[in-house]
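Observations on chain architecture
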Amino acid sequence: MQERTKHTLRRIEDVAVGLFAAKGVAETTIKDIARGSGLSEGALYRHFASKDDLVWRTFQHHYVALAARLGSAAGREATTRAKLAAMIGETCQAHDDDATLFHFLVFVQHGQLSRLEAGTPTPVTVFRDVISSGIAHGDLPAQDHDLATAFVLGLVLQPMTFAAYGRLSDPQAAYADRMVAAAWAALTSPV
């Protein structure tokens, strides 16, 4: 792909993600995205078949990339607690690196997850795999793997949702240690 095309696609994506996160997907038009990108609507359609195509391709690329980033962070650690801490820290850093993109991923995931091919690594499956492995190795008490994953992701993602709505303004990395402690307490409390 030519460098100019890559730059144009990135510009479209950046504008679209900003609009989707601020206004919502349904309220954002192709005309809004084209205007913000400095392109005509026709030029935008040369890169994306539709708004839905733009949402899907952007979501899929960044959601799968976040899963890889979390898996890499977990892979550098030896213990279940250290893996969870690394993934929570990496999630906070991903939010702080690009809060708008992160909010987009959180806000549109429910409409896009069913479109992922079965077996595609996602941030949820990366967390679940670490938790399942911790249970299997006796680092965590026996418990429902999906419920445990939901507890951890709720503890991590809800503060980021609050940040999206202006209720928390500090970088999320400032909360990482507290999130890790809360997640570990939720996972290790007697069932």
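Described in the following lines is the structure provided in the data block. (Residues numbered from 1 in each chain as written. Predicted model: local features only at pLDDT ≥ 70, side-chain atom pairs only at ≥ 80, totals over all residues. Heavy atoms only, no water.)

**Description of the pattern of salt bridges**
- Taken as a whole, this structure holds 9 salt bridges when the rule is applied.
- Asp97 is the salt-bridge partner of Arg69, the closest N and O atoms lying 2.8 Å from each other. With a gap of 28 residues between them, Arg69 in helix H4 (residues 51-75) and Asp97 in helix H5 (residues 80-97) connect regions that are remote in the sequence.
- Asp97 sits in the partly exposed class, given a relative accessible area of 48%.
- Its salt-bridge partner being Arg128, residue Asp146 comes within 2.6 Å of it at the nearest N-O pair. In this pair, Asp146 sits in helix H8 (residues 145-164) while Arg128 sits in helix H7 (residues 123-136), placing the two residues 18 residues apart along the sequence.
- With relative accessibility at 47%, the residue Asp146 sits in the partly exposed group.
- Here the residues in one salt-bridge network are Arg10, Glu13 and Asp14, joined through shared partners. (Salt bridge = Lys/Arg side-chain N within 4 Å of Asp/Glu carboxyl O. Helix = DSSP H or I, 4+ residues; strand = E, 2+ residues; numbered from the N terminus. Buried < 20%, exposed > 50% of the residue type's maximum accessible area, 1.4 Å probe, protein only.)

**Looking at the packing of H5 against H7**
- Interaxial distance between H5 and H7 falls to 10 Å at its minimum, and their mutual angle equals 165 degrees. It follows that H5 is roughly antiparallel to H7 by the angle criterion. Handedness of the crossing formed by H5 with H7: left-handed. Touching Thr80, Lys83, Leu84, Met87, Ile88 and Thr91 of H5 are Val126, Phe127, Val130, Ile131 and Gly134, all from H7.
- For the contact of H5 with H7, the residue count by class is 7 nonpolar, 3 polar and 1 charged. (Axes fitted to C-alpha atoms, helices over the stretch in contact; angles between N-to-C directions. Parallel < 35°, antiparallel > 145°, perpendicular 65-115°, else oblique. Left-handed = near helix turned anticlockwise from the far one by under 90°. Contact = heavy atoms within 4.5 Å. Nonpolar A, V, L, I, M, F, W, Y, C, P; charged D, E, K, R; others polar.)

**Here we look at the environment of Val108**
- Counting through the fold element by element, Val108 comes out in helix H6 (residues 99-112).
- As a C-alpha pair, Val108 and Phe59 span 49 residues in sequence and 7.7 Å in three-dimensional space.
- Excluding its chain neighbours within four sequence positions, the residues that come into contact with Val108 are Val25 and Phe59.

**Here we look at helix H9 (residues 176-188)**
- Helix length check: H9, at 13 residues, gives a terminal C-alpha distance of 18 Å against a target of 18 Å (1.5 Å per residue), a fit within 8%.
- Three or more residues of H9 are buried, namely Ala176, Met179, Val180, Ala183, Trp184 and Leu187. Axial view of H9: buried residues confined to an arc of 130 degrees, hence all on one face. Facing away from the buried surface of H9 by more than 90 degrees, the exposed residues are Asp177 and Arg178.
- In this fold, the buried residues of H9 make contact with H5, H7 and H8. (Expected span 1.5 Å × (residues − 1). Arc of directions from axis to C-beta.)

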